[in-house]
Amino acid sequence: MASGARAPVSEDSVRTVSPGRRGEKGLAAPTGASVAVGALKSAASPVRSVVASPRPMKGKAGREAARRRLQLLPASQAEGRDEGAEDEDEEEEEPLLTVLEEDEEEAQPLPPVCVSPMRGMWRDEKVALYCDEVLQGCKAEDADEAMSKYLSEKLKLKDKWLGVWKTNPELFFVKYEEASIPFVGILVEVTCKPRQSSSSCFKVTVSVAEPFSSNIANIPRNLINGILEELEHSVPLLEVYPVEGRDSDIRDIALALEVVRFFYDFLWRDWDDEESCENYTALIEERINLWCDIQDGTIPGPIAQRFKKTLAKYKNKRVELIEYQSNIKEDPSAAEAVECWKKYYEIVMLCGLLKIWEDLRLRVHGPFFPRILRRRKGKRDFGKTITHIVAKVMTPDMVKDLSSDTLLQQHDDLDLALDSCYSGDTVVIFPGEYQAVNLALLTDDIIIKGVGKREEIMITSEPSHDSFVVSKADNVKLMHLSLIQQGTVDGIVVVESGHMTLENCILKCEGTGVCVLTGAALTITDSEITGAQGAGVELYPGSIAILERNEIHHCNNLRTSDNSKSTLGGVNMKVLPAPKLKMTNNHIYNNNGYGVSILQPTEQFFIVAEAALNKGAASGDKKDDSMLSRVMQNLNLEMNNNKIEANLKGDIRIVTS
């Protein structure tokens, strides 16, 4: 597996290796997006002096070895490494690079680079670009050749141009503050030569351009010249960003470079050419859609970040294995063989996890994805129920309103209280801030209620977990609470089966809102739902919901061009079979989509119902409108005295899937 590895890159770096050369490792450099942002902020990139130790020149072989290191070592590790190699190298500590000598030239600020139009493309444009223009139906094993051919054709437009070479500081410095030198940027003149092989166009000849410019004011020019000589003035093309100008050819080259970077950063997987894939372009299209869903917020931010971290970890582990294998000079010892296998199987597990996530497109709130695998406890053997008091200290005033025969149990941890519950128990929570992973495992019929103001009983989600509140109990009730979602990737509340009641609660969403899955039921009264990335309440086919006297606002914070997703707002119903919804005295306002959206697949029904709903929505809920009433009856939708206003798209809408 390792022998066929491409150089992985970190989440915030670009691929800088020749894709056709197997097993070669690349050097991390900032992405084109970060460069583009910098270019937009000012006419020239900021330049400043830094304190660092310039790396001594040790010949081409040593320099290339340094270039192949993907990840930067922190300064402390670099110092430790230097100490360990002190006896071997017998070199004196390098002087710090602070102030230039009088006869040395200070670098000028870098000019702005071309802003890539990639980020402004719609997903259909990206799909057409990669699948139709670049890959043209090729197989995974031919992807390198296709990318190389595409890039080489663009490079024929201009054989010489100015660019900013952005590379790893480790190439120049031994000791440095990593935060102060994220990269070393140098203005260079690029010379493109005719392609000799499938990978040669990923290397270009460069020389320092005039005026001498860098993002590091006090970097010595002779240090740059010396390193370029050791590299024979040949650097990875994907590390070079064309300087902004009026030349359309330069803009085309900049776009081509960004297309290739994006392909190897996000669309390519190391296992692609190791597995048979009948339709590779279809796979690429799925990954483009996945990336777009991450960018526009369709996939909640926390799960997107977790996916990116897992992908970066997979790439880093691959590099570790390749480097470990390359350091074994002779036949591996038993310990070395074991270590290789350990690293290999860790990569396999990460690979499998990424495949699962990609196949499911990171969506964990579908009706066929069970979250709870715990069995119901049922009632206690002796038939009694217990009231669990959750507070740091229990006082007589806390239980004065309870009957004398109530069995009590005090906990200072909500998780322990939930774990101790059987069907029929009640959990009473006093003011404070709590976390409880067992809220995602509600299987028994219990009541969870706060005492005091609902704003003072704050239950926050655990960011490292996928789910927050999930129930498949026959009848579970949450009362007088504030649920604050932070980092979890599932809906703030998911009713998987059975019935849940939310009464006088505040739900502050960060990801998706309340999801009621097929066959489940939900009742929400006197509550507030806000901040969901999708709809505040999402009803899956065949579900049941009753909403009374609630506020649902500022939901659907999606940045998307997908019309079906932009319509989501306060309440979204997925029809076929139709869910049942009763809404009374709710206030649905200031949502980015519609107040109520109804997703159904039948075009004919859409045509008939559209006019009726639009007519009824214009003046609010009109029970005397016969057509609107008939449509709502067909949908099992009953609406009385609701206030739906100030929603970005409108009040009520039927959309086709």
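About the thresholds
Residues numbered from 1 in each chain as written. Predicted model: local features only at pLDDT ≥ 70, side-chain atom pairs only at ≥ 80, totals over all residues. Heavy atoms only, no water. Helix = DSSP H or I, 4+ residues; strand = E, 2+ residues; numbered from the N terminus. Contact = heavy atoms within 4.5 Å. Areas by Shrake-Rupley, 256 points an atom, 1.4 Å probe, with all protein chains shown as cover. Pairing = 2+ DSSP bridges. Axes fitted to C-alpha atoms, helices over the stretch in contact; angles between N-to-C directions. Buried < 20%, exposed > 50% of the residue type's maximum accessible area, 1.4 Å probe, protein only. Patch = residues over 30% accessible without salt bridge, like charges linked within 9 Å, V, L, I, M, F, W, Y side chains within 5 Å. Salt bridge = Lys/Arg side-chain N within 4 Å of Asp/Glu carboxyl O. Polar contact = N/O pair within 3.5 Å; in protein donor to acceptor, adjacent residues only side chain to side chain. Parallel < 35°, antiparallel > 145°, perpendicular 65-115°, else oblique. Left-handed = near helix turned anticlockwise from the far one by under 90°. Nonpolar A, V, L, I, M, F, W, Y, C, P; charged D, E, K, R; others polar. Core = buried A, V, L, I, M, F, W, Y, C linked by side-chain atoms within 4.5 Å.

Draft legend 1. Focus on the overall build of the protein chain. When helices and strands are tallied, the protein chain shows 15 helices and 32 strands. Sequence-distant contacts, at least 24 apart, represent 69% of the contacts inside the protein chain between residues at least 6 apart. By element, 50% of the accessible surface of the protein chain is carried by carbon and sulfur atoms, the whole surface being about 29,700 Å².

Draft legend 2. Main features of the sheet that holds strand S28 (residues 587–589). Taken in spatial order, the 8 strands of this open sheet run S11-S13-S16-S19-S22-S25-S28-S31, and their pairing is parallel. The outermost strands of the open sheet, each flanked by one partner alone, are strand S11 (432–434) and strand S31 (643–645). The average angle at which neighbouring strand axes cross in this sheet is 10°, direction not considered. In the sheet, strand S13 (residues 457–460) pairs with strand S16 (residues 482–484) via 3 bridges, with the strands oriented parallel. The residue of S16 that forms the bridge with Ile-459 is Leu-483.

Draft legend 3. A look at the sheet that holds strand S4 (residues 184–191). In space, the 5 strands of this open sheet follow the order S6-S5-S4-S2-S7, with antiparallel pairing throughout. In the strand order of this sheet, the two ends are held by strand S6 (234–236) and strand S7 (240–242), each with one partner. Strand after strand, the sheet turns through a mean of 50° between neighbouring axes, direction not considered. The pairing of S4 with strand S5 (residues 203–208) spans 4 bridges and is classified as antiparallel. Considered in S5, the bridge of Thr-191 is made with Thr-205. Strand contacts of helix H7 (residues 221–230): strand S2 (160–167), S4, S5 and S6, with the helix running at about 150° to S5, the strand carrying the most contacts. Where helix H8 (residues 248–267) meets the sheet, its contacts fall on S2 and S7, and the angle it forms with S7 comes to roughly 145°.

Draft legend 4. Summary view of the pairing of strand S12 (residues 447–450). Every second residue of S12 is oriented toward a common face, the buried set being Ile-448 and Gly-450 and the non-buried set Ile-447 and Lys-449. Sheet topology note: the strand S10 (residues 426–429)/S12 ladder contains 4 bridges and is parallel. Within the sheet, the bridge partner assigned to Val-427 lies in S12 and is Ile-448. As judged from the 3 bridges shared by S12 and strand S15 (residues 475–479), these two strands associate in the parallel manner. When the sheet's bridge partners are listed, Lys-449 is paired in S15 with Met-479.

Draft legend 5. Molecular detail of a nonpolar patch on the surface. Together, Trp-341, Tyr-345 and Val-348 make up an exposed nonpolar region whose accessible area comes to about 320 Å². Tracing the chain through its elements places Tyr-345 in helix H11 (residues 334–359). Tyr-345 gets classed as partly exposed once you look at its relative accessible area, which sits at 47%.

Draft legend 6. Examining the side chain of Ser-423 more closely. With respect to the element layout, Ser-423 can be found in the loop between helix H12 (414–419) and S10. Using a relative accessible area of 6% as the deciding quantity, one classes Ser-423 as buried. Only 3.4 Å separates the side chain of Ser-423 from the backbone nitrogen of Asp-445, close enough to count as a polar contact. Residues within four places of Ser-423 in sequence aside, it is in contact with Arg-376, Gly-378, Lys-379, Thr-385, Asp-444 and Asp-445.

Draft legend 7. Local environment of the pairing of strand S24 (residues 544–548). Burial of S24 is one-sided: the residues Ala-545 and Leu-547 facing one way are buried, the residues Ile-544, Ile-546 and Glu-548 facing the other way are not. In this sheet, S24 lies alongside strand S21 (residues 521–525) in parallel orientation, the contact comprising 5 bridges. Among the inter-strand pairings, Thr-525 is bridged to a residue of S24, identified as Glu-548. With 5 bridges connecting them, S24 and strand S27 (residues 580–584) associate as parallel partners. The partner of Glu-548 across the bridge, within S27, is Thr-584.

Draft legend 8. Quick peek at helix H5 (residues 123–135). Within H5 the residues assigned to the buried category are Arg-123, Lys-126, Val-127, Leu-129, Tyr-130, Cys-131, Val-134 and Leu-135. Note on H5: the residue one or two positions beyond its end, Gln-136, has a positive phi of about 50°.

Draft legend 9. View of the pattern of salt bridges. A complete count under the given rule lists 17 salt bridges for this structure. Linking Glu-339 and Lys-342 is a salt bridge whose minimum nitrogen-to-oxygen distance equals 3.7 Å. On the criterion of helical spacing, the pair formed by Glu-339 and Lys-342 is a turn pair, its members being 3 residues apart in helix H11. Exposure remark for Glu-339: the relative accessible area of 25% places this residue in the partly exposed category. The exposure class of Lys-342 is exposed, given its relative accessible area of 52%. In this structure, Asp-526 engages Arg-549 in a salt bridge whose closest nitrogen and oxygen atoms are separated by 2.8 Å. You can see Asp-526 sitting in the loop between S21 and strand S22 (528–530) and its partner Arg-549 sitting in the loop between S24 and strand S25 (551–553), a full 23 residues away along the chain. Within the structure, one salt-bridge network assembled from shared partners comprises Lys-317, Glu-320, Glu-339, Lys-342, Lys-343 and Glu-346.

Draft legend 10. Examining the packing of helix H6 (residues 143–155) against H8 more closely. Two numbers describe how H6 lies on H8: the axes approach to 9 Å, and their chain directions differ by 165°. Compared by their axis directions, H6 and H8 come out roughly antiparallel. The interaxial crossing formed by H6 with H8 has left-handed handedness. When H6 is examined against H8, the residues Ala-143, Asp-144, Met-147, Tyr-150, Leu-151, Lys-154 and Leu-155 are found in contact with a partner set consisting of Ile-253, Ala-256, Leu-257, Val-259, Val-260, Phe-263 and Tyr-264. Considering only residue class, the contact of H6 with H8 consists of 12 nonpolar, no polar and 2 charged.

Draft legend 11. How the structure looks around the nonpolar core. Formed by 79 residues in total, the largest nonpolar core has its most connected members in Tyr-130, Trp-165, Phe-172 and Phe-263. It is H8 that provides the largest number of residues to this core, a total of 13 residues. One finds Leu-539, Met-583, Ile-598 and Ile-652 within the second-largest nonpolar core, a separate group that totals 55 residues.

Limitation: the analysis is restricted to geometry and does not speak to function.
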